[in-house]
Amino acid sequence: MNLNIDELRLFYNLYPALLSFVNRKLEVTSEPISSGAEYLSMPREALVAIRDALFQRRELIDEFIAENPARLAADDLEIVREWRHALTGTFYVFRYLKKYTVFLNSGDEPKKAYGVLALIEPLEAVIGPRLPCMVKTVLLPFRDKIISDGLLMQYNVIFGGGTKKLFNEEYRRAKETFGIITS
């Protein structure tokens, strides 16, 4: 499942504005980002570097909101404010469902299952059919949903039967304890 076209437009208005601000503050790359179109045409490595710098210094989100260089509406700034609660790191893409893709957090206990929406392309098209799969990404709250920021790094790891059984057990426990977290 993906964002609808209006949500997609909104995301590509907000996220590039924030990353552009971060890049101006930290001078991560010389690549300019002033629009969604420039964001989409930037080298992936540059976007990942800026994104990673942002989530290492989350206080920049508050600075962005205070300065509001993109002159965003209050509702839009509230969406950006929620990004302080983004989840970063390594996840296991566990299952494709009709409404979302299930991501399991790695490392942290207790395990939690997140119902994640894609941006443009369905995550199954991006990641492929072979699950589970280990990815590094950022999960963002977006209105009443959780989305991937679209900058997934997929690890080339194949899991054996024992590990898959463990993931199934962790997924079952996470669902019983927390449900699938979708917002």
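Preceding this section is the structure that the text describes.
Being a predicted model, the structure only gives us computed values, none of them experimental.

K.L.:
In this structure, what is going on with the pattern of salt bridges? I would like to understand it.
P.N.:
Where charged atoms from two side chains of opposite charge come close, those side chains can pair. Per the counting criterion, the structure on display carries 13 salt bridges. Here Lys 145 ties to Asp 144 by a salt bridge, and the two come within 3.2 Å at their closest N and O atoms. Its salt-bridge partner being Arg 173, residue Glu 169 comes within 3.3 Å of it at the nearest N-O pair. Taken together, the residues Glu 169 and Arg 173, both in helix α7 (residues 161-178) and four residues apart, mark about one turn of the helix. Take Arg 173: its relative accessible area is 41%, and that puts it in the partly exposed class.

K.L.:
Teacher, can you tell me more about the pairing of strand β3 (residues 113-116) here?
P.N.:
In regular strands, side chains alternate between the two faces of the sheet. Neither face of β3 is exposed, since Ala 113 and Gly 115 on one face and Tyr 114 and Val 116 on the opposite face are all buried. Bridge count between strand β2 (residues 101-105) and β3: four bridges; the pairing is antiparallel. In the strand pairing of β3, Phe 103 is matched with Tyr 114. The pairing of β3 with strand β7 (residues 180-181) spans two bridges and is parallel. In the sheet register, Tyr 114 faces β7, and the bridge partner there is Ile 181.

K.L.:
Help me understand the packing of helix α1 (residues 5-26) against helix α4 (residues 59-67) in this model?
P.N.:
Each pair of packed helices can be summarised by the angle the axes make with each other and by the distance between the axes. At a minimum axis separation of 10 Å, α1 and α4 run at an interaxial angle of 105°. The orientation of α1 relative to α4 falls into the category roughly perpendicular. Every residue of α4 that contacts α1 at Ala 17, Leu 18, Phe 21, Val 22, Lys 25 and Leu 26 is listed here: Leu 60, Ile 61, Glu 63, Phe 64 and Glu 67. Of the residues assigned to the contact of α1 with α4, the class counts are eight nonpolar, no polar and three charged.

K.L.:
Honestly, the packing of aromatic side chains in this entry has me stumped. Any pointers?
P.N.:
By convention here, two paired aromatic rings are described through the distance between centres and the angle between planes. Under the criterion given, the structure shown has nine aromatic pairs. For the pair Phe 94 and Tyr 171, a centre-to-centre distance of 4.6 Å together with 35° between the ring planes defines the contact as tilted. In this pair, Phe 94 is assigned in strand β1 (residues 87-96) and Tyr 171 in helix α7, connecting sequence segments 77 residues apart. Each member of the pair, Phe 94 as well as Tyr 171, carries the same accessibility label: buried. Grouped by ring-pair contacts, the aromatic residues Phe 11, Tyr 12, Tyr 15, Trp 83 and Phe 142 constitute a single cluster. Sitting over the ring of Phe 178, Lys 112 keeps its end group 5.1 Å from the ring centre.

K.L.:
Would you explain helix α5 (residues 74-82) in this entry?
P.N.:
Quick reminder: α-helices carry 3.6 residues per turn. Residues three or four places apart thus point the same way. Inspection of α5 places Asp 76, Leu 77, Ile 79 and Val 80 among the buried residues, and these make up the whole buried set. Buried residues in α5, looked at end-on, bunch into an arc of 150°, giving them a common side. Facing away from the buried surface of α5 by more than 90 degrees, the exposed residues are Ala 74 and Asp 75. Summarising the contacts, the buried residues of α5 are in contact with α1, α4 and β4 (133-142).

Criteria and cut-off values
- Residues numbered from 1 in each chain as written.
- Predicted model: local features only at pLDDT ≥ 70, side-chain atom pairs only at ≥ 80, totals over all residues.
- Heavy atoms only, no water.
- Salt bridge = Lys/Arg side-chain N within 4 Å of Asp/Glu carboxyl O.
- Helix = DSSP H or I, 4+ residues; strand = E, 2+ residues; numbered from the N terminus.
- Buried < 20%, exposed > 50% of the residue type's maximum accessible area, 1.4 Å probe, protein only.
- Pairing = 2+ DSSP bridges.
- Axes fitted to C-alpha atoms, helices over the stretch in contact; angles between N-to-C directions.
- Parallel < 35°, antiparallel > 145°, perpendicular 65-115°, else oblique.
- Contact = heavy atoms within 4.5 Å.
- Nonpolar A, V, L, I, M, F, W, Y, C, P; charged D, E, K, R; others polar.
- Phe/Tyr/Trp six-rings, centres within 6.5 Å; stacked < 30°, edge-to-face > 60°.
- Lys NZ or Arg CZ within 6 Å of the ring centre and 35° of its normal.
- Arc of directions from axis to C-beta.

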